[in-house]
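An overview of the molecular structure
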Amino acid sequence: MSVNDQLHRYLFDNVAVRGELVNASETWRDIVKNHGYAEPVNTLLGELLVATSLLTATLKFEGDITVQLQGDGPLTLAVINGNHRQEMRGVARVKEGADIAAGSSLKEMVGNGYLVITISPEKGERYQGVVGLEADTLAGCLEDYFMRSEQLPTRLFIRTSSQGAAGILLQVLPAQDTNLDDFNHLATLTETVKSEELIELPATEVLWRLYHQEEATVYDPSPVIFKCTCSHARCGEVLKTLPAEEVDEILAEDGKIDMHCDYCGSHYVYDANDIAALRTPPSSKNTQLH
């Protein structure tokens, strides 16, 4: 993990507005490496990663979050999974034979589609929000989402380059009487940030450059990392849900079952003995002869 892969939260002292700044450059590289995606797909996954990190911090929950784009274009799926610990992973799926040209826009890649945000808290009910891709950018679509679902003025500023991916979120605090002129003033200041500044400079320097005439409290950062949740045990649970005949047929043909994780590329191999162990009830495994 790069020392730059951090999320900083900050709060303006005299205005009811909160902000977050994240740099997720190394995490982005870890997510897209070894996949061979077209450059516009890599860029979109970088934007989605930044947005997911900012959303996770803004929505304030303990659990998992999935932010995905689905559509009928050549890019059928782009998804980032994360959690409140800022552990992130992601994957994209492109139609077989589809060519995504350099410089392709969001709509050219995804076509007619949706942005789906799914929150699965450790305690409480699962929540899912869906918004159509009506804006031209991912940031614009997410701003629409917050206005519709939270009724909170929100601005996202996402920057990507060959050097990395970073972003800033500004949002009016809920249940606060905020002058929108103040919020718009802060948004105007934030909009001036250059990609190279946001991606390559320390967060504290970026914030000083943007808001040195404002009073704000900056909190200790949280690390952002790439972490896949796949494991031999989890893949085994998936195998247990498949029809036994299908599993046995693969074993007969190949002598093994090779489970591949799309997110990180890991392989988990199961032979006949492994499958037999999966099918043995836990109580049988623990039975002792006396």
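Residues numbered from 1 in each chain as written. Predicted model: local features only at pLDDT ≥ 70, side-chain atom pairs only at ≥ 80, totals over all residues. Heavy atoms only, no water.

The name that an unreviewed UniProt entry assigns to the protein is 33 kDa chaperonin, with the source organism given as Pantoea eucrina. Under Function (unreviewed entry), UniProt gives the following word-for-word description of the protein: "Redox regulated molecular chaperone. Protects both thermally unfolding and oxidatively damaged proteins from irreversible aggregation. Plays an important role in the bacterial defense system toward oxidative stress." UniProt, in its Subcellular location (unreviewed entry) section for the protein, records the words "Cytoplasm". (UniProt positions renumbered as here; feature names shortened; annotations may be inferred.)

To summarise the sheet geometry, strands pair through backbone hydrogen bonds and adopt either a parallel or an antiparallel arrangement. With respect to topology, six strands assemble into an open sheet ordered β7-β6-β3-β4-β5-β12, the strand pairing being mixed. With partners counted over all chains shown, the strands left at the sheet margins are β7 (127-132) and β12 (225-226), one partner each. For strand β3 (residues 63-71) and strand β4 (residues 75-83), the ladder comprises seven bridges, and the chain directions are antiparallel. From the neighbouring strand, Asp-64 faces β4, where its bridge partner is Asn-83. (Pairing = 2+ DSSP bridges. Helix = DSSP H or I, 4+ residues; strand = E, 2+ residues; numbered from the N terminus.)

One broad rule of soluble globular proteins: the nonpolar side chains tend to lie buried together. Among the nonpolar cores identified, the biggest contains 64 residues, and Leu-69, Leu-75, Leu-115 and Ile-117 are the most heavily contacted of them. A total of eleven residues in this core trace back to one element, the largest contributor, which is helix α2 (residues 39-59). With sequence-adjacent residues up to four places away left out, Leu-69 is seen in contact with Leu-44, Leu-48, Thr-76, Leu-77, Ala-78, Leu-106, Tyr-114, Leu-115, Leu-133 and Leu-138. The next biggest cluster of nonpolar side chains, apart from the first, holds 21 residues, and it includes Phe-12, Leu-21, Val-172 and Leu-207. (Core = buried A, V, L, I, M, F, W, Y, C linked by side-chain atoms within 4.5 Å. Buried < 20%, exposed > 50% of the residue type's maximum accessible area, 1.4 Å probe, protein only. Contact = heavy atoms within 4.5 Å.)

With respect to the helices and strands, Gly-46 occurs in helix α2. According to the relative accessible area criterion, Gly-46 is buried, its value standing at 0%. Considered as a pair, Gly-46 and Thr-204 are 158 residues apart in the sequence and their alpha carbons are 22 Å apart. Once residues within four sequence positions are removed from consideration, Gly-46 is found in contact with Trp-28, Thr-160 and Ala-165.

Next up on the list: the pattern of salt bridges. Pairs can form between side chains of opposite charge whenever their charged atoms are close. The full count for this structure, using the stated rule, is 14 salt bridges. Between Glu-26 and Arg-29 there is a salt bridge, with the nearest N and O atoms lying 3.3 Å from each other. Of this pair, Glu-26 and Arg-29 both sit in helix α1 (residues 25-32), separated by three residues, roughly a single helical turn. A salt bridge links Lys-240 to Glu-237; its shortest N-O distance comes to 3.4 Å. (Salt bridge = Lys/Arg side-chain N within 4 Å of Asp/Glu carboxyl O.)

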